Structures are given as C-alpha cells and as structure tokens.
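# A closer look at the structure
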Amino acid sequence: MKIHGTAKGGAVGKKDFGVAFGGGAVEPINDENLAAYYKFNETSGNILNSSESDESVGSAAAFEVTGASYNVGESPLGYAMTFDGTNDVIKVATSKSIFNFMHNTSAVFTVCLWLKITSGSDKFILVDDENGTGFKLGSNSSGNLRFYTYNGTSDEVAGTLSDNDAFPDTTNYYFYVLTYDESLASDNANLYRNASLIHTQSKTGDAADNSNSANTMQMGKQPGVGNYTAMGVSELSIWNKILSSDEIDALYNSGNGRAIY
C-alpha cells in the first residue's frame, strides 16, 4: 500500500487522505491497479487523470471538455461536473487503446462513480464504442442501467447487465460500482448502488475483443451521433482489478463519499 502526498520524512496530515482524523487515523485507500481517477473538481481545462498508481494509464487518459459545467457545488463531496443533455461531452483526446483492458479476453475491472441522471433514457454515461469493439455503461430505452462489453460483432456482447431500479430519482447522487471478470463461468458482472449489491449478471455472448475501439473513451454522448446525456458526475475511478466489498464501503463512506487522495 502506497501513501501519497506527504513529504519525505514528514508527518501525515489530514489533507493527505481527504478525510478527517477523529479518534484515530483513517486507513488510506490502496490505489494498486488504479488505472484512471477523475475527481471532477477542476475549474477549467482538461479533466485530469489523477491516479498516482504504478498501474495508471497516465496523462493520455485526460478528458477534453466540450460544454460541460465545471466544479458544480453538488454531490456528497461538494463538487461535480454536470452535462446539460444538449451538447455537453468530454472525450479522451487520442488514444483508443488505453482502456482495452475493459473489453479484452481477460478483462477484469471495476468502475466507481457518484452519478445523478437528470432526465431521459437510452443514455451514455461512459462509452468507447457501441455494437463494435469496446465498453458501454448507460441506460436503455426503458431507462434501465445497462452495461456491455462488445466483442467486435454488432449486437453481440461478452457481458450484459441490466437493472430496472438503478435510478431511484433524478435529483440525488448515488454511488455506483460496476465490477466485471471475463474469466468467470457465471456472475461475471455485479452492480452496486450505495455499497449494496443490487444486480448480478452472467455474460451472454462470445469472448470479448482485444482490438482497439472505434472511438476514444467519452462521457455524456453516444459516439458518432447525437443522443446526449443530462447528468452529474463526481469521483470516477477505473480499476484494473475487482474491488472488495470493504474497499467499496470505504469509498461510499456511509453516503458521505471519500476521495482516493
């Protein structure tokens, strides 16, 4: 476990972990296999990959912003980026390969985020392709939360997850965690809301695809066409591992949220 943000030989302060020290130190979040981490507390410019893990995909994973609103004072942590559902989108600039681990034949990953879906259905929360090779987390035409990993053939997926009750309302933020393990014989995908498991799904298609997606990773829009998403997002983390229930609980922090660093 690495400890970040402290000077060599210096004392650990409250700011180093983003949580208060009351009645004893709080364990830091172990950032092993943290591929990308977006706080969404910037006030301008790119949304940076803030991961300090050795397994980080680095600065190439920064999101470029078109239209979205910076540092909105909401979500349990007091900051978020909001998308108006009309023309707001953020995109990784150039690399189509850095998130291949999310849809390849040995895919193991976790996605965590505080999310508010404001309105609409058939929306795109986090996606790098649809019906090709890639990954999608969004809602379907009935407004249910859905997840896919595509195998390179239209309409065939390596894993699908759907939950009819994932979005209780359009006004509050909820903490969502998606875990996926391609290698399992069943129960490949698990969806958590507010640290409680609400849906489990076995993969329904052929093996995933190792090749690059047609698009870079983006949030708030269907690749290649319109179909924008009205939503608020805070504290998005993408891991190249399955987070444990204890780690999920720590990030949820009894509904208060917790920054990784």
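Reference entry: report on the structure contained in this document. As the structure is a computational prediction, the values presented were derived from the model and not from experiment.

Evaluation of the coordinates by the stated rule reveals five salt bridges. Linking lysine 39 and glutamate 235 is a salt bridge whose minimum nitrogen-to-oxygen distance equals 3.2 Å. Of this pair, lysine 39 sits in the loop between β1 (34-38) and β2 (63-66) while glutamate 235 sits in strand β15 (residues 230-239), and the two are 196 residues apart along the sequence. Residues lysine 39 and glutamate 235 agree in their burial class; the two are buried. Here lysine 203 ties to glutamate 182 by a salt bridge, and the two come within 3.4 Å at their closest N and O atoms.

Enumeration over the complete set of coordinates arrives at 14 aromatic pairs. Each ring, one from phenylalanine 109 and one from phenylalanine 135, has its centre 5.6 Å from the other, and the planes form 85°; the classification is edge-to-face. Linking phenylalanine 109 in strand β6 (residues 108-119) with phenylalanine 135 in strand β8 (residues 133-139), this pair joins segments that are 26 residues apart in sequence. A centroid spacing of 5.4 Å and a plane angle of 20° characterise the contact between tyrosine 148 and tyrosine 150, whose relative ring orientation is stacked. Members of the aromatic cluster, each reached through a chain of ring pairs, are Phe109, Phe135, Phe147 and Tyr180. Its end group placed over the ring of tyrosine 228, lysine 221 keeps NZ or CZ at 5.6 Å from the ring centre.

Quick look at the side chain of glutamine 222 now. Looking at the element boundaries, glutamine 222 is found in the loop between β14 (218-219) and β15. Among the polar contacts made by the side chain of glutamine 222, one reaches the side chain of glutamate 130 at a distance of 2.6 Å. Setting aside chain neighbours within four positions, we find glutamine 222 in contact with Phe124, Glu130 and Asn227.

Take the pairing of strand β13 (residues 196-201) next. Relative to β13, strand β12 (residues 189-193) is paired through five bridges, and the arrangement is antiparallel. Pairing of asparagine 190 across the sheet is with threonine 200, part of β13. Hairpin geometry of β12 and β13 is characterised by an intervening segment of two residues between the two adjacent antiparallel strands and by a positive phi of about 50° at asparagine 194.

Looking at where lysine 136 falls in the secondary structure, it is placed in strand β8. A relative accessible area of 4% means that lysine 136 is categorised as buried. Those residues in contact with lysine 136 that sit more than four places away from it in its chain are Asp122, Lys123, Phe124, Leu126, Val127, Asp129, Glu130, Arg146, Phe147, Tyr148 and Tyr150.

Side chains of nonpolar character tend, in soluble globular proteins, to be buried together. Ranked by internal contacts, the top residues of the largest apolar core, which has 45 residues, are Phe99, Phe109, Phe135 and Met219. Per-element accounting of this core gives the leading share, five residues, to β6. In terms of nonpolar packing, the next biggest core, distinct from the first, is built from 21 residues, Ile29, Leu77, Tyr79 and Ile248 among them.

About the criteria used
Residues numbered from 1 in each chain as written. Predicted model: local features only at pLDDT ≥ 70, side-chain atom pairs only at ≥ 80, totals over all residues. Heavy atoms only, no water. Salt bridge = Lys/Arg side-chain N within 4 Å of Asp/Glu carboxyl O. Helix = DSSP H or I, 4+ residues; strand = E, 2+ residues; numbered from the N terminus. Buried < 20%, exposed > 50% of the residue type's maximum accessible area, 1.4 Å probe, protein only. Phe/Tyr/Trp six-rings, centres within 6.5 Å; stacked < 30°, edge-to-face > 60°. Lys NZ or Arg CZ within 6 Å of the ring centre and 35° of its normal. Polar contact = N/O pair within 3.5 Å; in protein donor to acceptor, adjacent residues only side chain to side chain. Contact = heavy atoms within 4.5 Å. Pairing = 2+ DSSP bridges. Core = buried A, V, L, I, M, F, W, Y, C linked by side-chain atoms within 4.5 Å.

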